Amino acid sequence: MLAANNPALHSWIDIAPTSDFPIQNLPFGVFETPERGARLGVAIGEYVLDLYAVSQHGFFEDLDIPTQPKVFRRRSLNGFIALGRPTWRAVRQRVSELLRHDNPALRDHEEAMHACLLRQSEVTMLRPVKPGNYTDFYSSIEHATNVGIMFRDPANALLPNWRHIPIGYHGRASSIVVSGTDIRRPNGQRKAPDAAAPTFGPSQQLDFELEVAFIGGRSTELGHPVPIQQAEDHIFGLVLFNDWSARDIQSWEYVPLGPFLGKSFGSSISPWVVTLDALEPFRVAGPAQEPEPLLYLRQLDQHNFDISLEVGIQPAGGPETIVSHSNFKFMYWSMAQQLTHQTSNGCNLQVGDVYASGTISGSTPDSLGSMLELAWRGTRPLPLSDGSERKFIQDGDTVTMRGHAERNGVRIGFGEVRGTVFPALNS
Ligand code: MN
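This structure is a prediction, so every number in the text was calculated from the model and none was measured.

What counts and what doesn't
Residues numbered from 1 in each chain as written. Predicted model: local features only at pLDDT ≥ 70, side-chain atom pairs only at ≥ 80, totals over all residues. Heavy atoms only, no water. Salt bridge = Lys/Arg side-chain N within 4 Å of Asp/Glu carboxyl O. Buried < 20%, exposed > 50% of the residue type's maximum accessible area, 1.4 Å probe, protein only. Helix = DSSP H or I, 4+ residues; strand = E, 2+ residues; numbered from the N terminus. Pairing = 2+ DSSP bridges. Axes fitted to C-alpha atoms, helices over the stretch in contact; angles between N-to-C directions. Contact = heavy atoms within 4.5 Å. Polar contact = N/O pair within 3.5 Å; in protein donor to acceptor, adjacent residues only side chain to side chain.

1. Topic: the pattern of salt bridges
Taken as a whole and judged by the stated rule, the model has 25 salt bridges. Between D108 and R107 there is a salt bridge, with the nearest N and O atoms lying 2.9 Å from each other. According to the relative accessible area criterion, R107 is partly exposed, its value standing at 32%. Of the charged contacts in the structure, one is a salt bridge between E406 and R411, with a shortest N-O distance of 3.9 Å.

Written out as structure tokens, the structure is:
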């Protein structure tokens, strides 16, 4: 077991038992203040540990890693991630040591403590990585089945390739935005089934997709596939991801080349990247795969993770209603299989790439990961606690996704990814 994951550890910082960020988590992110500019940080309770300040105080000096203080003073984690897993591990381990209740090095060094710790409420979180590439998979069998029932044939809901290939498409990296960024309702072409011709205007079927994404941890050379046994070595960590979707634009445009402008108007990412190391205690077996995948996708051991997820919708000025409870462990195709499939043709990976899971739906009506499914294509409007109902997302609605794993009294949380929808520009 990694020492930093020990459930017995506790910090000299006061951390509520319900906090997403106990000493066993230590996720990485990028924050900004007017005085400090952009810096890398680690979340601990309600605080951010400023990694640049920690390095300036010499706390990383004796680590056997290529420490370049500048790497902690950037607008993305990319440079730090590129230093490699031994460096991520050494830094996380040192941060864990510095925050332990019995270590006076930072605790009793008043000047350093004030320089290194900031309240999260006093900083602005930035997008954690600068993604060169974004892939969105379609790996929940429940979601794919539901969509197949709604749009094709209930008797043959899954397309013939689905149980053989981790289906995906290449999305748009430029429009991935950090949690809290407003989402503008997109304009686009849509055509009702009974309409003679398409029209251009604001999407009438704006939706969210509850997803978890992994962040690429290692670049590869073009032409070199990653074997499945090595796939997880290429993952830095995980984030929550809202893959906003305009269903009316999507359903008109997607034949024959797949999702395009119904997706690329914005995707929201949570600011804290939870490392795969911190999630190690939450590894579980995935669903049985039938038929057995082809040899290059065959995995040994456990490659799914037990992470509880929820989605809330809050109308402007009203209370939030939790509309879905799902779990990342439901995924049919694992991250390792997704990554290996992505590179199986020789396609190269880049540090900071974003690979999203696809909508994560469970098998019950309260565990569905999109409005499309929750309101069943608009046929079963979803009641909210303020008395209103939703078929899709309305202007002024705030959609918030949260996630955490919990075992042995340790809660490894992701914080949240949140976005408020604003009216479309005049078209
Ligand atoms: Mn998606």
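2. Details of the pairing of strand β2 (residues 37–44)
Of all 8 residues making up β2, 7 are buried, and the element is well covered by its neighbours. The sheet contact formed by strand β1 (residues 28–33) and β2 spans 6 bridges and is antiparallel. Within β2, the position partnered with G29 by the bridge is G41. Taken together, β1 and the strand that follows it, β2, pair antiparallel across an intervening segment of 3 residues.

3. As for the sheet that holds strand β9 (residues 183–184)
Judged by pairing direction, the sheet is mixed, and its 5 strands sit side by side in the order β9-β26-β25-β20-β21 without closing on themselves. The open sheet is flanked by β9 and β21 (321–327), the only strands paired with a single partner. The pairing of β9 with strand β26 (residues 410–422) spans 2 bridges and is parallel. Paired with I183 across the bridge in β26 is V421.

4. Considering the sheet that holds strand β4 (residues 117–119)
Spatially, β4-β3-β2-β1-β5 is the arrangement adopted by the 5 strands of the open sheet, whose pairing is antiparallel. Each of the sheet's edge strands pairs with one partner strand only, and the pair in question is β4 and β5 (124–126). Going across the sheet, the axis of each strand differs from the next one's by a mean of 45°, ignoring polarity. Bridging between β2 and strand β3 (residues 47–50) involves 4 bridges; their strand directions are antiparallel. When the sheet's bridge partners are listed, I44 is paired in β3 with Y47. Sheet strands in contact with helix α3 (residues 85–99) are β1, β2 and β3, and its direction is about 70° off that of β1.

5. Side note on the side chain of Q24
In this fold, Q24 is placed in the segment before β1. Given the relative accessible area of 4%, Q24 is considered buried. Here the side chain of Q24 touches N6 through a polar contact of 2.9 Å, landing on its backbone oxygen. Among the polar contacts listed, one links the side chain of Q24 to the backbone oxygen of P7, at a separation of 3.4 Å.

Spatial relationships are all this shows, so hold off on functional conclusions.
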